[in-house]
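Reading the structure
Residue-level listing of the chains:
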Amino acid sequence: MMNIAVLVSGGGTNLQALIDYEKENSDCPYHIALVVSNTKNAYALERASLAGIRAEVRSPYSVLGAQTAKSADRDTKRLAVSDAVLDLCRECQIDALVLAGYLSVLGGKIVSEYEGRIINLHPALLPKFGGVGMWGHNVHEAVLAAKEKESGCTVHLVDSGCDTGKILVQKKVPVMPDDTPDSLYARIAPREHEAMVEGVCMLAKMLGL
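A brief structural summary. (Residues numbered from 1 in each chain as written. Predicted model: local features only at pLDDT ≥ 70, side-chain atom pairs only at ≥ 80, totals over all residues. Heavy atoms only, no water.)

Here we come to the overall build of the protein chain. Scanning the protein chain for helices and strands turns up 8 helices and 7 strands. On C-alpha atoms alone, the protein chain measures out to a radius of gyration of 17 Å, which is about the 17 Å that the 2.2 N^0.38 rule sets for 209 residues. Overall, the C-alpha framework of the protein chain stretches about 50 × 45 × 30 Å when taken along its three principal axes. Taking all 209 residues of the protein chain together, 45% fall into the buried category. With an accessible surface of roughly 10,200 Å², the protein chain has 51% of that area assigned to carbon and sulfur atoms. (Helix = DSSP H or I, 4+ residues; strand = E, 2+ residues; numbered from the N terminus. Rg over C-alpha atoms; globule rule 2.2 N^0.38 Å. Buried < 20%, exposed > 50% of the residue type's maximum accessible area, 1.4 Å probe, protein only. Areas by Shrake-Rupley, 256 points an atom, 1.4 Å probe, with all protein chains shown as cover.)

A few words now on the sheet that holds strand S3 (residues 55-57). Read from one edge to the other, the open sheet built from 7 strands follows the order S3-S2-S1-S4-S5-S6-S7, with strand pairing classed as mixed. Among the strands making up the open sheet, the edge pair consists of S3 and strand S7 (167-174). Neighbour to neighbour, the strand axes of the sheet diverge by 20° on average, direction disregarded. The pairing of strand S5 (residues 118-122) with strand S6 (residues 150-157) spans 4 bridges and is classified as antiparallel. Looking across to S6, one finds that Ile119 is bridged to Leu157. Sitting on the sheet, helix H1 (residues 13-24) is in contact with strand S1 (2-8), strand S2 (30-37), strand S4 (96-99) and S5, with an inclination near 155° to S2. (Pairing = 2+ DSSP bridges. Axes fitted to C-alpha atoms, helices over the stretch in contact; angles between N-to-C directions. Contact = heavy atoms within 4.5 Å.)

Here we come to the pattern of salt bridges. Tallied over the full model, the rule gives 10 salt bridges. Across the pair Arg90 and Glu113 runs a salt bridge, and its minimum N-O distance is 2.7 Å. Of this pair, Arg90 sits in helix H5 (residues 74-91) while Glu113 sits in helix H6 (residues 109-113), placing them 23 residues apart in sequence. Taking the relative accessible area as the measure of exposure, Arg90 reaches 41% and is therefore partly exposed. In this structure Glu113 comes out as partly exposed when scored by relative accessible area, which is 32%. (Salt bridge = Lys/Arg side-chain N within 4 Å of Asp/Glu carboxyl O.)

Attention now moves to the packing of aromatic side chains. Each aromatic ring pair is characterised by the separation of its centres together with the angle its planes make. A complete count under the given rule lists 1 aromatic pair for this structure. Ring plane angle 20° and centroid distance 6.2 Å describe the contact between Tyr21 and Tyr30, whose orientation is recorded as stacked. Residue class for Tyr21 comes out partly exposed when judged on its relative accessible area of 27%. The exposure class of Tyr30 is buried, given its relative accessible area of 0%. (Phe/Tyr/Trp six-rings, centres within 6.5 Å; stacked < 30°, edge-to-face > 60°.)

By themselves these figures say nothing about function.
In structure tokens, the structure reads:
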């Protein structure tokens, strides 16, 4: 059984897909032992609480304090949060990390300590439309602007780059002529839930857990 920590920032629909799969499948190869959000108002925290999962907030403000966080640069804040998440993962004996709509970048020791054991969900067909600034609706807007005929989502291993790790799972959907970012997202979202579960199960198999 693979103990996972799910890192979130928003509504947590992909977290819910993982919760539901674990609850409904006796042979599920993972156990969600921890949910961590970098925002205190993320509804994903409520989802975790309802499922009886330990939920924690590790934001620049909670880790550094309000005054220091206001003056700190982006890299300092990211590293402080990453180190705080690593401490939680060690405490909870986490085997692998799942970034499910986590709108921050991990850095420092956590990336090396969990090398090959961190996966991320990206809302496009990598390697297209990845990298800095490519998250959420920014991705869907870029896909439409490029007049792509298909889009989808990707689950990949996290490395030291941005959206550059080995691809594990991809799900494709057509792009319609009258699509908006919202309508394209609505078509991709159910496939994200499928890809998220498949990716975590695949990681458990890869790790022999």
